[in-house]
Amino acid sequence: MDFARFTVELAIYFALLAMGGGVLVALTSAVLGLIGTDLGPVMQDWVLPFAVPGALVVAAWLVEAKKNVVENIAPVLTKIFTPLTIVMLLTVLAALATADGLSSVNRDLLIVMDAVLILVECLLLYAISARDPLTRVGLFDALQLVLVVAALAVDAVMLAAMVTRIAEFGTSPNKLAALGLNLLLLVHLLGTAWATIGFLRGKRPFASLEHWQTRYLPAYGAWAAIVVVAFGPIFGFAASHTDQSVCMNMLTHA
């Protein structure tokens, strides 16, 4: 029975680690591919040979350390993927720094980067929801601040790229939808950074960080409603197939 329990829990932990790692690798590959960097050789020679057996070892350790695959799964996953996401954001920043200019950043790259930032926000919410409010401030809380700062840097680069593209090529519904989303993410991340710094310094309770997250979430719904309801009349979309495709692309970008 112990062997059966160990095998099943090992498979579950390994699957969770593989899915989370797969998302991070896919987003990183997409970003680097869009700016002309091929991640294939690095994936084949370094990432996969170390990541797969490494994830197996970590999963085996987690089975013995936690004993129960359901209990404490959220804190465990956040502590594993927070530093990995920081590495991904720093890699993306380094790649963007070597790009040929902000105006050369194409639409597909902006969409992928929005997905990266949304992933960071989801990870932050997941980590905050899983944290025990009575636990003392520790290293993981500082890592979350590093994650927020790295995400802010990425969002600032993306906003600069969007403004540059709008100034050079003009505005469009797609660009305005994406610009609004990135501004919302910027404010959300700035507020999270401010609340986290206050919590780390002992000047704010953990509840203030929780309240900021939950009270800000309706802003995304409001912007989505504006894009869905108001952009059509504002930009005079007709009921043609072509304009419907424009609306779908805009909503996908948002």
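This report concerns the structure included in the present document.

**Regarding the overall build of the chain**
In step 1: In terms of helices and strands, the chain carries eight helices and zero strands.
In step 2: When the helices and strands of the chain are read in sequence order from the N terminus, they spell out α-α-α-α-α-α-α-α.
In step 3: When each of the 254 residues of the chain is scored for burial, the buried share is 37%.
In step 4: Considering only contacts in the chain between residues 6 or more positions apart, those separated by 24 or more positions represent 82%.
In step 5: Accessible area for the chain stands at about 13,300 Å²; split by element, carbon and sulfur atoms hold 71% of it.

**Remarks on the side chain of glutamate 121**
In step 1: By the element assignment, glutamate 121 lies in helix H4 (residues 107–130).
In step 2: For the buried glutamate 121, no salt bridge is present, and the opposite-charge side chain at shortest range is arginine 215, 15 Å distant.
In step 3: If we skip the residues at most four places from it in the chain, glutamate 121 touches Leu185, His188, Leu189, Gln213 and Tyr220.

**Some words on the packing of aromatic side chains**
In step 1: A full pass over the atoms with the stated rule returns four aromatic pairs.
In step 2: Between tryptophan 212 and tyrosine 216 the ring centres are 5.1 Å apart and the planes differ by 35°, which places this aromatic pair in the tilted class. Of the two residues, tryptophan 212 and tyrosine 216 are both situated in helix H7 (residues 206–235); the distance of four residues between them amounts to about one turn of the helix.
In step 3: Overall, the relative accessible area of 10% leaves tyrosine 216 in the buried class.
In step 4: Chaining the aromatic ring pairs together yields one cluster made of Trp212, Tyr216 and Tyr220.

**Quick notes on H7**
In step 1: Given a rise of 1.5 Å per residue, 30 residues ought to cover 44 Å, and the 43 Å separating the end C-alpha atoms of H7 matches this to within 8%.
In step 2: Maximal helix bending in H7 amounts to about 40°, located at valine 229; proline proline 233 follows within four positions.
In step 3: Within H7, the full set of buried residues consists of Phe206, Ser208, Leu209, Gln213, Tyr216, Tyr220, Trp223, Val227, Phe231 and Gly232.
In step 4: Two residues or fewer after H7 comes glycine 236, characterised by a positive phi angle close to 65°.

**Observations regarding the nonpolar core**
In step 1: Core analysis: the biggest nonpolar cluster contains 51 residues, and Val31, Leu89, Met113 and Leu147 have the highest contact counts within it.
In step 2: Secondary-structure elements contributing two or more residues to this core are helix H1 (2–34), helix H2 (40–66), helix H3 (73–97), H4, helix H5 (139–169), helix H6 (173–200) and H7.
In step 3: Setting aside anything within four residues of it in sequence, one finds methionine 113 in contact with Val31, Val92, Val154 and Met158.
In step 4: In this structure, Ala195, Phe199, Phe206 and Leu209 belong to the second largest nonpolar core, which totals five residues.

What counts, and where the lines are drawn
Residues numbered from 1 in each chain as written. Predicted model: local features only at pLDDT ≥ 70, side-chain atom pairs only at ≥ 80, totals over all residues. Heavy atoms only, no water. Helix = DSSP H or I, 4+ residues; strand = E, 2+ residues; numbered from the N terminus. Buried < 20%, exposed > 50% of the residue type's maximum accessible area, 1.4 Å probe, protein only. Contact = heavy atoms within 4.5 Å. Areas by Shrake-Rupley, 256 points an atom, 1.4 Å probe, with all protein chains shown as cover. Lys, Arg positive; Asp, Glu negative; His and termini not counted. Salt bridge = Lys/Arg side-chain N within 4 Å of Asp/Glu carboxyl O. Phe/Tyr/Trp six-rings, centres within 6.5 Å; stacked < 30°, edge-to-face > 60°. Expected span 1.5 Å × (residues − 1). Bend = angle between axes of the 7 residues up to and from the residue. Core = buried A, V, L, I, M, F, W, Y, C linked by side-chain atoms within 4.5 Å.

Without other data, these values stay purely geometric and don't point to any function.
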